[in-house]
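# Survey of secondary and tertiary structure
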Amino acid sequence: MNMWRWLRGFLRNCGLRYSVVVLWIVLNAVVFTSTYRHWKYAPKYYYVHQILGPTLCISRGTAAVLNLNCGLVLLPMCRVLVSLMRFSRISRRSFRMLLDHCKGFHMLCGLTIVLASVIHFIGHLFNAANFSIHFNPYYVDVNGASYKGQDPLYIVAGSVPGITGLVLMLVLCTMATTSLYVVRTNNYDLFWYTHRFYLVFYFFLMVHAVRGVLKEQINLSRHSPGCDKENLNLSIPWPEPEHWDTQETVCEEPPVFGTVGCSSWMWVGLPLLVYLVDLTYRRCKQGHCTRILNVTEHPGDVLEIRVWKKGFKAKPGQFILVQCPAISSFEWHPFTVSMCPTSQCESFTIHIHAVGDWSGRLQQYLTGSEGWKYVLPPLASSKEDLDKRLVIEGPYGSPSGDILKYRVNVLIAGGIGVTPFTAFLHHLYSNEKLHLQNIERIYFIWMCKDLRSFKWFTQLLCRLYQKLWSLNRPDLLCIRLHVTAPVPGSQLKMFVKQYPLLEKRLYIGRRPDWPLTLMEICSSHKGTDIGVFCCGPKGLATNVEEECSRIWHKNANLFCHHESF
């Protein structure tokens, strides 16, 4: 029974996602197998297969898988397209939960590209060696080598596919190495800049097979492959496949060979065009005037930046991409809108935790603080200079955008991951016409290492709680603030004195017991679909998703939406 409950929860939260992964695996297997069999059994490749054997089929099969994933890897990065799909009227809950994992699918395709490229590269190294060893002296045009015994390295370095292949492997290894989690978290700038090499990668991919060394026979109607093998007494190093079924053998002239054409554009062309159109549209939308209205420093190196941008509109849970030209004209970093513009206030805010190179330089640039490694120009006072400080792109949808679609919502935040939920809480506080009858209960669970971190949004929590009391809905919002580290007594007393409404909602030195917490919520809302939204460190998001899949309680279904950083 417990196994059935776990399976039911797993299928509810992860079923469609893993179904897509299985479909993707099957698609890759079909592409590899069909390409392998085509190059092994097609009559036009008979003579080149005689020389190269199984490594020919392996290298071509992995090339097809490589091309397929080079196209698919671009689609999750089409931010405008994904946002349109997320907010379309026909978008269902399960489909939106699938879109939450676009980044994961991008990484899965990227890993497959690396593996397929390595196998493809090794296969062609063996092909170069076979061209040298098994040189065909009767039909010289089919050879990739100039003579028997030619150094395989010269075969590779003397061809366009060989040179471009080496460049592609160098670029791909650089991008893959800097994409590792350890490198990405410790030096995001390095990851970001090396990922711009994708332009170089796709250019060389398109020209990789130009003037290739693999040949195909083009006069099959006048020369049946292998019709004269007995007269030539040519030793074949590989077992000969039953490549075609024919009752008539034609041998009117010697075989004529032509170069195998480039097919990468057939796989990559359309996805690359979609991505470039998406990117162009995003760049065109950046041109609107942006002005920084205020910068506030909070405890824990957190910046609150209030920004005004002409025509900017956002919904709670959406994020934007931010560029600071004074720091870098190429780097874009994602940040959630922590307060959305309204009809009364057209400005919006973002909160940035200054923990990396770029965010640290941004903090120094905006506040003039000392101690940072990079020294930037002093703050400018003119309006024109203020307008140039930040470039905003977006907004785009995120998993937190479904909060208003559930009657019961569980908002789980770790540290600065609270920003998607504060936008929603701001929306509740500032929207006078909000129909609260559509929302039954909101559980807000926020975890921080330092008690002072709660001061980022404690005033908002207190004001919202007072407003709900005035609307006779004090039970709508349940607040739980967890401090995971010990707190000095004097600091705790000062916090409680300043925010008395939060005293009974403060838990010191302990994390939430997720099985118990989620089970209690399910018990209080039987027969209800409950939306669980989590934003924070990867470990937190993984634990919450596992518990949502494991827990089952009398038709109270937990739907987990999470994003990690």
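Bear in mind the structure is a predicted one, so any value in this text is a computation, not a measurement.

### Remarks on the pairing of strand β7 (residues 348-353)
The buried fraction of β7 amounts to five of the six residues, a majority that puts the element mostly inside the structure. Relative to β7, strand β4 (residues 302-309) runs antiparallel, the two being bridged by six bridges. The residue bridging V307 from the neighbouring strand is F348, located in β7. Here two bridges tie strand β6 (residues 333-339) to β7, and the two strands are oriented antiparallel to one another. Its bridge partner lying in β7, V337 is registered against I350.

### Description of the environment of S470
Tracing the backbone shows S470 in helix α17 (residues 458-470). S470 sits in the exposed class, given a relative accessible area of 60%. Among the polar contacts listed, one links the side chain of S470 to the backbone oxygen of K467, at a separation of 2.5 Å.

### Let's talk about the UniProt feature "transmembrane region" (unreviewed entry) in the protein
Mapped onto this numbering, the UniProt entry gives "transmembrane region" (unreviewed entry) at residues 21-39, 64-84, 105-133, 153-183, 195-214, 264-281 and 408-429. When the span residues 408-429 is considered, its composition is 50% helix and 32% strand, and the gap between its end C-alpha atoms is 18 Å.

### Section: a nonpolar patch on the surface
Side chains of L75, L81, M85, L270, L273, V274 and V277 sit close together on the surface and give an oily, nonpolar patch of about 570 Å² of accessible area. Broken down by secondary-structure element, the contributors of at least two residues to the nonpolar patch are α4 (79-87) and α13 (264-284). Along the chain, L273 turns up in helix α13.

### Structural notes on the nonpolar core
Judged by nonpolar contacts, the single largest core of 40 residues is most densely connected at L425, F444, W446, F454 and L481. Of all the secondary-structure elements, those providing two or more residues to this core are β9 (408-414), α16 (419-430), β10 (441-448), α17, β11 (477-483) and β13 (529-536). Considering each element in turn, this core owes the most residues, six residues, to α17. In this structure L481 touches F444, W446, F454, L461, L502, R505, L506 and Y507, once residues within four positions along its chain are discounted.

Rules used in this analysis
- Residues numbered from 1 in each chain as written.
- Predicted model: local features only at pLDDT ≥ 70, side-chain atom pairs only at ≥ 80, totals over all residues.
- Heavy atoms only, no water.
- Buried < 20%, exposed > 50% of the residue type's maximum accessible area, 1.4 Å probe, protein only.
- Helix = DSSP H or I, 4+ residues; strand = E, 2+ residues; numbered from the N terminus.
- Pairing = 2+ DSSP bridges.
- Polar contact = N/O pair within 3.5 Å; in protein donor to acceptor, adjacent residues only side chain to side chain.
- UniProt positions renumbered as here; feature names shortened; annotations may be inferred.
- Patch = residues over 30% accessible without salt bridge, like charges linked within 9 Å, V, L, I, M, F, W, Y side chains within 5 Å.
- Areas by Shrake-Rupley, 256 points an atom, 1.4 Å probe, with all protein chains shown as cover.
- Salt bridge = Lys/Arg side-chain N within 4 Å of Asp/Glu carboxyl O.
- Core = buried A, V, L, I, M, F, W, Y, C linked by side-chain atoms within 4.5 Å.
- Contact = heavy atoms within 4.5 Å.

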